[in-house]
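Results of the structural survey
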Amino acid sequence: MTAMNQYATKLEITAHSEWSQQFWDELLPAKERVSKHPLFLDMASGSLSLECFRSALLNFYPLVAHFPSYMAGTLAKATAFSLAGVTETRDWLIQNIKVEERHLIWYQDWAGGFGLTVDMLNNVKPPAAMNAVNHFLWDINYRGSLAESIAATNLAIEWATGDWSIQVYKGVQSYTQNPEVTINKRSLAWLRAHAHYDDLHPYEAMELIKRLCDQDPVMQKKAFLAAQEGLAYYELALDECYKIQQANR
């Protein structure tokens, strides 16, 4: 047993209370609008144009690249250990920030399979409508409460992403027919991770939200609105990117 896993503790997922079940259920429509967005449906069916696919990979790169930084902003606020849920949130963030760092390399490999270089990714300037989600996440993770930050980032964004990546992972092999695309173990690593063994993250995030604001209806509402807004910005980015597909029909 290493020093790291000797002290690591697994976050236990508990049954929903009335308020947390309502929170989850009322967030579902916004999550579904993202996870079942036409861009992802076309991506999963193999009908998304290579131009639109590349635009999505390129302009969503800052969201993936900055994700550990968003979480670091939340971690910096997790200092009031006498309050419910704060210690668990701190420990969970520390463990998962390293995971997100690894995801960045995998995402670069995925983009590389579709002809995008690391230099192109690192120098991308997304359209305002696609970059708005990044500005929102910077703001909420550095100025919002712990519950709001976790709700907007690790619940909203990761929940929707985990759902759509399952379908895209199943269908992305159809792009092997394109001579400009390389599909292999490396270029599938990011999709495989989000479609399989990282699917607990949104449920763990919801557990943290429950612990952080179980006795605080005002904070419960704020956390819900933060998650809802995060998904709205995600959807806005998808709508903007999908215009390329619509223009070519």
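Residues numbered from 1 in each chain as written. Predicted model: local features only at pLDDT ≥ 70, side-chain atom pairs only at ≥ 80, totals over all residues. Heavy atoms only, no water.

Digging into the environment of T153
Its place among the elements puts T153 in helix α9 (residues 146–171). It is 16 Å that separates the C-alpha atoms of T153 and M130, two residues lying 23 residues apart in sequence. Setting aside anything within four residues of it in sequence, one finds T153 in contact with F67, Y70, L137, N141 and E158. (Helix = DSSP H or I, 4+ residues; strand = E, 2+ residues; numbered from the N terminus. Contact = heavy atoms within 4.5 Å.)

Description of the environment of W24
Looking at the secondary structure, you find W24 in helix α2 (residues 18–35). Taking the C-alpha atoms as reference points, W24 and N59, separated by 35 residues in sequence, lie 29 Å from one another. Aside from chain neighbours lying at most four places away, what touches W24 is H16, L155, W159, P202, Y203 and M206.

Topic: α2
At 3.6 residues per turn, the α-helix brings residues three or four places apart onto the same side. Counted at 1.5 Å a residue, the expected span for α2 with its 18 residues is 26 Å, and the 25 Å between its end C-alpha atoms agrees. Taken as a whole, α2 carries its principal kink of about 40 degrees at L28; the proline P29 stands between one and four residues after it. Among all positions of α2, only W19, S20, F23, W24, L27, A30, K31, V34 and S35 are buried. Considering only its buried residues, α2 is in contact with α3 (38–45), α9, α11 (201–213) and α12 (217–247). (Expected span 1.5 Å × (residues − 1). Bend = angle between axes of the 7 residues up to and from the residue. Buried < 20%, exposed > 50% of the residue type's maximum accessible area, 1.4 Å probe, protein only.)

Some details on the nonpolar core
L39, W110, F114 and I209 are the most contacted members of the largest nonpolar core, which has 82 residues in total. Sorting elements by how many residues they give to this core places α9 first, with twelve residues. If near-sequence neighbours (up to four positions away) are discounted, F114 is found in contact with L50, F53, R54, L57, V172, Y175, E180, V181 and I183. (Core = buried A, V, L, I, M, F, W, Y, C linked by side-chain atoms within 4.5 Å.)

Considering the state of the cysteines
Scanning the entire structure with this criterion turns up zero disulfides. As a non-bridged cysteine, C52 has C241 as the owner of its nearest cysteine sulfur, 4.3 Å distant. Of the residues examined, C241 reaches a relative accessible area of 1% and is grouped as buried. (Disulfide = S-S within 2.5 Å.)

A short note on the packing of α9 against α12
Closest axis-to-axis distance for the α9/α12 pair is 8 Å, and the angle between their directions is 40 degrees. The pairing of α9 with α12 is recorded here as oblique in orientation. For the crossing formed where α9 meets α12, the hand is right-handed. Taken together, the residues of α12 that come into contact with α9 (itself represented by A147, E148, A151, A152, A156, I157, A160, T161 and W164) are M219, K222, A223, A226, A227, G230, L231 and Y234. (Axes fitted to C-alpha atoms, helices over the stretch in contact; angles between N-to-C directions. Parallel < 35°, antiparallel > 145°, perpendicular 65-115°, else oblique. Left-handed = near helix turned anticlockwise from the far one by under 90°.)

A look at the pattern of salt bridges
Counted by the stated rule, this structure contains 13 salt bridges. Between R143 and D139 there is a salt bridge whose closest N-O contact spans 2.6 Å. Pair noted here: R143 and D139 are both in helix α8 (residues 128–143), with a separation of four residues, about one helical turn. Overall, D139 belongs to the partly exposed group, its relative accessible area being 31%. Between K243 and E240 there is a salt bridge; the shortest N-O distance is 3.0 Å. In this pair, K243 and E240 are both assigned in helix α12, three residues apart and thus about one turn of the helix distant. What you see here is one network of salt bridges that share partners, running through K31, E32, K36 and D163. (Salt bridge = Lys/Arg side-chain N within 4 Å of Asp/Glu carboxyl O.)

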